[in-house]
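Observations on chain architecture
Residue-level listing of the chains:
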Amino acid sequence: MTINYRQARQADLSPAQDLITASINELTVRHGFGAIASARPPVFQAQSLADDPAGFWIAEQDGRLVGSTFSWVCGDLWFLAELFVDPALQGKGVGGELLRRVFAQADAAGAKTRALITFAFNTVSQSLYMREGMFPRLPLHMMTGERATLAAALTPTALRSERIESVDADRDGLTRLDLGALGVSREKHRRMLARDPSLSGYLFFRDSDCVGYAWIADSGHVGPLAAAAREDMRDVFAAALALAAQGASKRVSALVPGACETALALATRCGMRIALPMALASNRDFGDWRRYLPRNPLFM
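Residues numbered from 1 in each chain as written. Predicted model: local features only at pLDDT ≥ 70, side-chain atom pairs only at ≥ 80, totals over all residues. Heavy atoms only, no water.

**Regarding the pattern of salt bridges**
Side-chain pairs of opposite charge can arise where the charged atoms are in close proximity. Overall, the coordinates contain 20 salt bridges when judged by the stated rule. The salt bridge partner of aspartate 232 is arginine 206, with a shortest N-O separation of 2.7 Å. With aspartate 232 in the loop between β10 (221-227) and α8 (233-245) and arginine 206 in strand β8 (residues 199-206), the pair connects residues that are 26 residues apart, well separated along the chain. The class of aspartate 232 is buried, set by a relative accessible area of 10%. The class for arginine 206 is partly exposed, based on a relative accessible area of 28%. (Salt bridge = Lys/Arg side-chain N within 4 Å of Asp/Glu carboxyl O. Helix = DSSP H or I, 4+ residues; strand = E, 2+ residues; numbered from the N terminus. Buried < 20%, exposed > 50% of the residue type's maximum accessible area, 1.4 Å probe, protein only.)

**A closer look at the pairing of strand β5 (residues 113-119)**
Counting buried positions along β5 gives seven out of seven residues, so the element sits mostly inside the fold. The pairing of strand β4 (residues 77-85) with β5 spans four bridges and is parallel. Paired with tryptophan 78 across the strands is arginine 114, a residue of β5. (Pairing = 2+ DSSP bridges.)

**Examining the layout of surface pockets**
In this structure, the second largest pocket encloses a volume near 180 Å³. As for the second largest pocket, its lining consists of Ser200, Tyr202, Ile216, Ala217, Asp218, Gly220, Leu243, Ala244, Gln246, Gly247, Ala248 and Ser249. Breaking the lining of the second largest pocket down by element, the ones donating at least two residues are β8, β9 (209-217) and α8. Within the lining of the second largest pocket, the residues separate by chemical class into six nonpolar, five polar and one charged. (1 Å grid on protein atoms, 1.4 Å probe; cavity = no way out; pocket = protein on both sides within 12 Å on 5 of 7 lines; lining within 4 Å. Points joined across faces, edges and corners; volume = space filled by probe spheres on them. Nonpolar A, V, L, I, M, F, W, Y, C, P; charged D, E, K, R; others polar.)

**Examining the nonpolar core**
Counting 54 residues, the largest nonpolar core has Trp72, Tyr213, Trp289, Tyr292 and Met300 as its most contacted members. Looking at this core, the element that brings in the most residues is helix α1 (residues 13-30), giving six residues. With near-sequence residues (within four places) excluded, tyrosine 292 lies in contact with Ala181, Leu182, Arg186, Tyr213, Pro224, Leu225, Ala226, Met233, Pro257, Phe299 and Met300. Core analysis: the next-biggest nonpolar cluster, separate from the first, contains 33 residues, Leu159, Phe204, Ala238 and Met272 among them. (Core = buried A, V, L, I, M, F, W, Y, C linked by side-chain atoms within 4.5 Å. Contact = heavy atoms within 4.5 Å.)

**Notes on empty space enclosed by the protein**
Taken as a whole, this structure holds three cavities of 30 Å³ or more when the rule is applied. Of the voids in this model, the largest cavity is the one considered here, and its volume is about 60 Å³. Contributing to the lining of the largest cavity are 13 residues, with Leu13, Ala16, Phe56, Ser68 and Thr69 lying nearest its centre. Breaking the lining of the largest cavity down by element, the ones donating at least two residues are α1, β2 (56-61) and β3 (64-74). Residue composition of the lining of the largest cavity, grouped by class: seven nonpolar, four polar and two charged.

**Focus: the packing of helix α2 (residues 43-51) against helix α7 (residues 187-194)**
Contact pair α2 / α7: the axes reach a minimum separation of 11 Å and the direction vectors enclose 140°. Put simply, α2 runs oblique to α7. You can see that α2 and α7 cross each other, and the crossing is right-handed. Here Phe44, Gln47, Ser48 and Asp51 of α2 lie close against α7, whose contacting residues are Lys188, His189 and Met192. By residue class, the composition of the contact of α2 with α7 is two nonpolar, three polar and two charged. (Axes fitted to C-alpha atoms, helices over the stretch in contact; angles between N-to-C directions. Parallel < 35°, antiparallel > 145°, perpendicular 65-115°, else oblique. Left-handed = near helix turned anticlockwise from the far one by under 90°.)

**Quick notes on the packing of aromatic side chains**
Under the criterion given, the structure shown has nine aromatic pairs. Taking the centre distance of 4.8 Å and the plane angle of 15° together, the rings of phenylalanine 33 and phenylalanine 121 count as stacked. You can see phenylalanine 33 sitting in the loop between α1 and α2 and its partner phenylalanine 121 sitting in the loop between β5 and α4 (123-131), a full 88 residues away along the chain. Judged by its relative accessible area of 34%, phenylalanine 33 is partly exposed. For phenylalanine 121, a relative accessible area of 12% gives the class buried. Measuring from ring centre to ring centre gives 5.5 Å for phenylalanine 286 and tryptophan 289, while their planes differ by 85°; the resulting arrangement is edge-to-face. Judged by relative accessible area, tryptophan 289 falls into the buried class, the value being 8%. Over the aromatic face of phenylalanine 103 sits the side chain of arginine 114, whose NZ or CZ is 4.4 Å from the ring centroid. Just above the ring of phenylalanine 299 sits the side chain of arginine 186; from NZ or CZ to the centre is 4.4 Å. (Phe/Tyr/Trp six-rings, centres within 6.5 Å; stacked < 30°, edge-to-face > 60°. Lys NZ or Arg CZ within 6 Å of the ring centre and 35° of its normal.)

These figures capture arrangement, not role.
This is the structure:
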């Protein structure tokens, strides 16, 4: 049967999330991790669609949504946030067709870097990305632990924390941290984070010097997080974990790059363990992953 491809509209976002949830759970159940996903309101997707609709495409078969993709651009970085296909149609070329359409967004923006985060055990998708020149370069570990255990293991740092009340007022400091860790500013994405009532942002200071930031969710998840220097990562991460441990969630989590041994060592010492293995793929090296913790595979 014929599969049609078109740019997504606002009304497509919720049905796309249902498809994505089913696709993720089919994959994780098959690999022994159980069903890990549940459909959530597509808030980030809706904000990104309004910002740049060129990154949203869907595939339909007989009027039924069978594939969905979403990508965003910041500076010269193009990031593939979502690419999911109905499990019954996987291996039929639908993913490749969707990918080629969102590559037009990267081309139009002149993006030098193309990147994504996927499950480390998703070998079929990784093969697709490698054929398109995006190779797995960095392991990422979704670490999680009991809040009470973490709180008991943490030792105080010398850092002072300040709540981010206005991303505009703190723009220069936040941009400096993003440029240092990633090479691009995430200004438009910071505005999206600031509008999310389930998130709180913090700046961390050593004396008068700002040495990092972190966003902490009501769920206990830490990220994104950036440190001014590799030497600051331990204290910034520890301070962020301490704030997360003060919340009401029973668990605390963070997505930690394999290159960031300082953060991995701290997480392990505090009783956090790997819940999901993931990987960052890209067409070229970018970023200093000893200074940055992504939020999730959608946001980076």
